[in-house]
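# A closer look at the structure
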Amino acid sequence: MPAAAPVKSFQPRIELNPAPVGVDRRAEILKEPGFGRYFTDHMVLIDWDPENGWHDERVVPYGPLSLDPATAALHYAQEIFEGLKAYRHEDGSIKVFRPEQNAARFQRSAARLMLPELPIQWFLGSLDALLNVDEAWVPAGGEKALYLRPFMFASESFLGVRAARKVTYAVIASPVGGYFEGGTKPLAVWVAEEYSRAAPGGTGAAKCGGNYAGALLPLSEAAKHGCEQVVFLDAKERRLVEELGGMNLYFVFDDGQIVTPASDSILDGIIKNSLHEVAADLGYTVTERPFGIDEWTQGVASGRITEVFACGTAAVITPVGRLVWREGEVNSAPTGEAGPVTPTLRRALVDLQYGRAEDPRGWMRRINHS
Ligand code: PLP
Ligand code: COI
């Protein structure tokens, strides 16, 4: 076998924004950023085609992309994305939580969507490059962070259905606070009995936009029933719990056991996998196994399940209280307070992310200054 071609080093051209957001306006935004509403002054763009591979890596002013109406991603949703956060520590350093895990998942998503894999070093380099120019946008204090959104889409103008021969990779960044308006108030979640998020052999394990578009209708149904999120079940029998539309689930039992659902069609969450280890460090037994919706309803009703929570980059750890379906509901946080395990795990995770706790596994990656 011929040796694989060496990966070219990532050396972006930098074009600074001639009209960045003013210091005062930025400070105002960082005080109350919300989620995904404001964007930094720059973005990363990289092009790909079969002849040149990944090329023309650049940091440019944030702004609209000009797309041909026949751009394939707009028609056939050949698109993937990632989500991760950069945190400002008290010593002023900026660290990103396990970005190489996102880089690897991005490659798995690319493989499923017939998109070219971006080398891990280019993924990490693209985050460094953006953070280098937009470092001032990483909020300080509170539970705020700079949310990084790498994405890749079929940018070839062609209406035939086949893998695109022109692809664009981009990274944008948005200062964020909490994802939910209610903060860490327990969520009410609605069981999707008619709709699936993913099917065996489908794209559930990939982070592709289409999965989220399909979840919007059940999400609107959830809202009509006073719920903030949707619980998706397995598509075959609608018996096993998979995940929420944008976060994984954990169940805490009265004997200290903690369970998170195993399935081939859920997104393999980086927070989920990290919590597995954090919880084990704190002495909990964590199991990943198929988990039935009946086990949830009956477990809460009998008191065996004492806490339920959702986790993900955007959601961090958010308790789940009410589980609502057409025929009834159960509530694992009837007093409106979750605990004690959920806040303990949340504190352990957040302290690690913000540099207030030891990082024995080296999960926090310091940005490389160029
Ligand atoms: N599940 C879905 C469908 C998601 O969109 C996310 C968010 O990225 C997660 C789970 C949690 O994944 P992570 O912990 O890597 O953010
Ligand atoms: C994330 O947590 O990064 C996501 O992509 C989920 C989405 C609900 C914002």
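Because the structure is predicted, anything quoted here is derived from the model rather than measured.

All right, on to the overall build of the chain then. Secondary structure assignment for the chain yields 9 helices and 18 strands. Its C-alpha atoms give the chain a radius of gyration of 21 Å, near enough to 21 Å, the size a compact globule of 370 residues would have. In terms of overall dimensions, the chain has a C-alpha envelope of 60 × 50 × 45 Å along the principal axes. Among the 370 residues that make up the chain, the fraction classed as buried is 51%. Considering only residue pairs separated by 6 or more positions, the chain has 72% of its internal contacts joining residues 24 or more positions apart. Each charge sign in the chain was given a centre, from 37 positive and 47 negative side chains, and these centres are 2 Å apart.

Next up on the list: the pattern of salt bridges. In the structure shown here, the tally under the stated rule is 23 salt bridges. The salt bridge partner of Asp56 is Arg58, with a shortest N-O separation of 3.5 Å. One salt bridge in this structure joins Asp255 and Arg304, with 3.6 Å as the shortest N-O distance. With Asp255 in the loop between strand 12 (248-253) and strand 13 (257-261) and Arg304 in the loop between helix 8 (293-302) and strand 15 (305-312), this residue pair connects regions lying 49 residues apart in the sequence. We classify Arg304 as partly exposed; its relative accessible area is 40%.

In the vicinity of ligand 1 lie 16 residues, with Arg105, Lys207, Tyr212, Glu243 and Thr313 positioned nearest. Residue Arg105 places a side-chain N or O atom 2.8 Å away from an oxygen atom belonging to ligand 1. A distance of 2.8 Å separates an oxygen atom of ligand 1 from a polar atom in the backbone of Ile270. For ligand 1, whose free accessible area comes to 380 Å², the fraction covered by protein is 96%. Elements with a contribution of two residues or more to the shell around ligand 1: helix 7 (270-281) and strand 15. Each residue belonging to the shell around ligand 1 can be placed in one class, and the counts come to 6 nonpolar, 6 polar and 4 charged.

This next bit is on helix 9 (residues 341-353). For helix 9, spanning 13 residues, the distance from its first C-alpha to its last is 18 Å, which sits close to the expected 18 Å at 1.5 Å a residue. When helix 9 is considered as a whole, its buried residues turn out to be Val341, Thr342, Leu345, Arg346, Leu349, Val350, Asp351, Leu352 and Gln353. Of the residues one or two after helix 9, Gly355 is the one with positive phi, at around 75 degrees.

So, on to the domain arrangement of the chain. Domain boundaries in the chain define domain 1 (13-176) and domain 2 (187-353). Taking only C-alpha atoms, the centre of domain 1 and the centre of domain 2 are 27 Å apart. With both chains or domains summed, domain 1 and domain 2 bury close to 1800 Å², and 57% of this area falls on carbon and sulfur atoms. Summed over the three residues of domain 1 that lose the most area to domain 2, namely Phe81, Phe97 and Arg105, the buried surface amounts to 32% of that side. Counting the contacts that link domain 1 with domain 2 gives 1 salt bridge. Breaking the side of domain 1 that touches domain 2 down by element, the ones donating at least two residues are strand 4 (79-81), strand 5 (84-88) and helix 3 (99-112). Tallied by class, the residues present in the side of domain 1 that touches domain 2 amount to 8 nonpolar, 5 polar and 8 charged.

What counts and how
Residues numbered from 1 in each chain as written. Chains lettered and ligands numbered in written order. Predicted model: local features only at pLDDT ≥ 70, side-chain atom pairs only at ≥ 80, totals over all residues. Heavy atoms only, no water. Helix = DSSP H or I, 4+ residues; strand = E, 2+ residues; numbered from the N terminus. Rg over C-alpha atoms; globule rule 2.2 N^0.38 Å. Buried < 20%, exposed > 50% of the residue type's maximum accessible area, 1.4 Å probe, protein only. Contact = heavy atoms within 4.5 Å. Lys, Arg positive; Asp, Glu negative; His and termini not counted. Charge placed at Lys NZ, Arg CZ, Asp CG, Glu CD. Salt bridge = Lys/Arg side-chain N within 4 Å of Asp/Glu carboxyl O. Near = heavy atom within 4 Å. Polar contact = N/O pair within 3.5 Å; in protein donor to acceptor, adjacent residues only side chain to side chain. Areas by Shrake-Rupley, 256 points an atom, 1.4 Å probe, with all protein chains shown as cover. Nonpolar A, V, L, I, M, F, W, Y, C, P; charged D, E, K, R; others polar. Expected span 1.5 Å × (residues − 1). Domains from an automatic or database assignment. Buried area = accessible area lost by both parts, 1.4 Å probe.

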